[in-house]
Amino acid sequence: MISKRNYRTLGESDILVSPIGLGSVKFGRNTGVKYPEAFAIPDDDDLKALLDLARELGINYIDTAPAYADSETKLGKLLAHSRDYWCLSTKVGEYYQSGRSHYDFSAAATQTSIEASLKNLRTDVLDLVFVHSDGDDERVITQTDVLESLQNLKDKGLIKLIGYSGKSETECLLAMNYVDIFMITLNEQDQSQVPLIQACQQYNKGVVIKKALASGYSTDTNAALNFAVNFPGVTSVIVGTINPDHLKENVTGLVAE
Ligand code: NAP
């Protein structure tokens, strides 16, 4: 059980999040993903039980995206009665249609996406919205309208925090002045973005970790999670699971440093 004492502040905001969050790719999408094993999308009853368990374990942070098929809609329905308890992050830029991803970082797509996320998640304000990069971070940051559009939506009060989820080390740094939080890959096999975590510490930006278990390829999940959760500068580690036993194991195996 994660105690509120161990919650961490998300960047310079007043939002407190559990050091482990729940990733929701597998809530809605099982095509065009790279997990080790095929899986069935959980039904609403299974998801409700998983979300109830997450809350019992002290998790208060869930990450979703339009690219995770109907994950947002499912979360909106299942969390409608407890919206205030949760910190929810979603994304813009990557979209899922006919079993595949496509990308659009235009102002119009960003506006439409935020309106849809507000509706899907049944909320008046989105806690955190990441740019869901296609990997060409320099182009996304310097040559598209996405960050300026998110700033406009933040100014209108529809978004609390702007985030960037990219793939590069140095190109992501170009977003430093425009975002509050970075979503960064960190696991024992891939530490290429560690310099970005260090820059975030310097600039007081929040750091949310993705792929801490190497998307399911990690052999020692307990060591991998503790490595990421206790890494200097990390705010929260988003673990993707649809297995209640794994969720429990991930929380009970935490060793706070
Ligand atoms: P991950 O969290 O590193 O790994 C998830 C995989 O690990 C799942 O297949 C899960 O399977 C397995 N797993 C979890 N706990 C386990 C345990 N205790 N023992 C054995 N296996 C375990 O990878 P991820 O899902 O790619 O990333 C996490 C989240 O980060 C995503 O859900 C998403 O929210 C976010 N993300 C964002 C981006 C982006 O912005 N570009 C990219 C990737 C991920 P079970 O379901 O069977 O537990």
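Residues numbered from 1 in each chain as written. Predicted model: local features only at pLDDT ≥ 70, side-chain atom pairs only at ≥ 80, totals over all residues. Heavy atoms only, no water.

The subject of this paragraph is the sheet that holds strand 8 (residues 126–132). The strand order 3-4-5-8-9-10-11-12 describes a closed barrel built from 8 strands, whose pairing is parallel. The average angle at which neighbouring strand axes cross in this sheet is 30°, direction not considered. (Pairing = 2+ DSSP bridges. Helix = DSSP H or I, 4+ residues; strand = E, 2+ residues; numbered from the N terminus. Axes fitted to C-alpha atoms, helices over the stretch in contact; angles between N-to-C directions.)

Once that is clear, we can look at the nonpolar core. Generally speaking, soluble globular proteins have nonpolar side chains that are buried together. By size, the foremost hydrophobic cluster in this structure holds 64 residues, and its most contacted members are I114, L150, Y164, F182, I209 and V237. For V237, the contacting residues outside a window of four places in its chain are P19, I20, G21, I209, A212, L225, A228 and V229. (Core = buried A, V, L, I, M, F, W, Y, C linked by side-chain atoms within 4.5 Å. Buried < 20%, exposed > 50% of the residue type's maximum accessible area, 1.4 Å probe, protein only. Contact = heavy atoms within 4.5 Å.)

With that out of the way, let us pick up the site of the ligand. Every one of the 28 residues lining the ligand counts as a neighbour, but Y35, D63, S165, T241 and H246 are closest to it. The backbone of K211 places a nitrogen or oxygen atom 3.5 Å from an oxygen atom of the ligand. S215 is positioned with one of its side-chain polar atoms (N or O) 2.9 Å from an oxygen atom of the ligand. Put simply, the parts of the chain that give the shell around the ligand at least two residues each are helix 1 (25–28), strand 12 (236–240) and helix 9 (244–252). Each residue belonging to the shell around the ligand can be placed in one class, and the counts come to 10 nonpolar, 12 polar and 6 charged. (Near = heavy atom within 4 Å. Polar contact = N/O pair within 3.5 Å; in protein donor to acceptor, adjacent residues only side chain to side chain. Nonpolar A, V, L, I, M, F, W, Y, C, P; charged D, E, K, R; others polar.)

All right, on to the layout of surface pockets then. Within this model, the largest pocket holds a volume of roughly 1400 Å³. If you go around the largest pocket, you meet 49 residues; those closest to its centre are V25, K34, Y35, K211 and S215. Elements supplying a minimum of two residues to the lining of the largest pocket: helix 1, strand 7 (100–103), strand 10 (181–185), strand 12 and helix 9. Taken together, the residues of the lining of the largest pocket sort by class into 16 nonpolar, 21 polar and 12 charged. (1 Å grid on protein atoms, 1.4 Å probe; cavity = no way out; pocket = protein on both sides within 12 Å on 5 of 7 lines; lining within 4 Å. Points joined across faces, edges and corners; volume = space filled by probe spheres on them.)

What the rule picks out here adds up to 10 salt bridges. D70 is paired through a salt bridge with K74; the nearest N and O atoms lie 3.3 Å apart. The exposure class of D70 is partly exposed, given its relative accessible area of 36%. The exposure class of K74 is buried, given its relative accessible area of 11%. Taken together, the shared-partner salt bridges in this structure form one network comprising R83, D127 and K160. (Salt bridge = Lys/Arg side-chain N within 4 Å of Asp/Glu carboxyl O.)

Quick look at the packing of aromatic side chains now. Tallied over the entire structure, the rule returns 4 aromatic pairs. Summarising the aromatic geometry, the rings of Y35 and F39 are spaced 5.9 Å apart at their centres and angled 80° between planes, so their arrangement reads as edge-to-face. Judged by relative accessible area, Y35 falls into the partly exposed class, the value being 21%. For F39, a relative accessible area of 15% gives the class buried. Note on Y103 and F105: the rings are 6.2 Å apart at their centroids and 20° apart in plane angle, and the pair reads as stacked. Among the residues examined, F105 registers a relative accessible area of 6% and is labelled buried. Here K26 stacks its cationic end above the ring of Y35, 4.9 Å away from the centre of that ring. Here the guanidinium or amino end of K26 rests over the ring plane of F39, the centre of that ring lying 4.7 Å away. (Phe/Tyr/Trp six-rings, centres within 6.5 Å; stacked < 30°, edge-to-face > 60°. Lys NZ or Arg CZ within 6 Å of the ring centre and 35° of its normal.)

Before going further, it helps to spend a moment on the packing of helix 2 (residues 44–56) against helix 3 (residues 71–79). At their nearest, the axes of helix 2 and helix 3 sit 11 Å apart, and the two run at 65° to each other. As helix 2 runs across helix 3, the sense of the crossing is right-handed. Facing helix 2, whose interface residues are D44, L47, K48 and L51, helix 3 presents K74, L75, K77, L78 and L79. For the contact of helix 2 with helix 3, the per-class residue count stands at 5 nonpolar, no polar and 4 charged. (Left-handed = near helix turned anticlockwise from the far one by under 90°.)

Let's shift gears to the environment of P42. Topologically, P42 is positioned in the loop between helix 1 and helix 2. Assessed through its relative accessible area of 10%, P42 is described here as buried. C-alpha separation for the pair P42 and E171, spaced 129 residues apart in sequence, amounts to 36 Å. Those residues in contact with P42, other than ones at most four positions away along the chain, are K26, F27, L47, K74 and I242.

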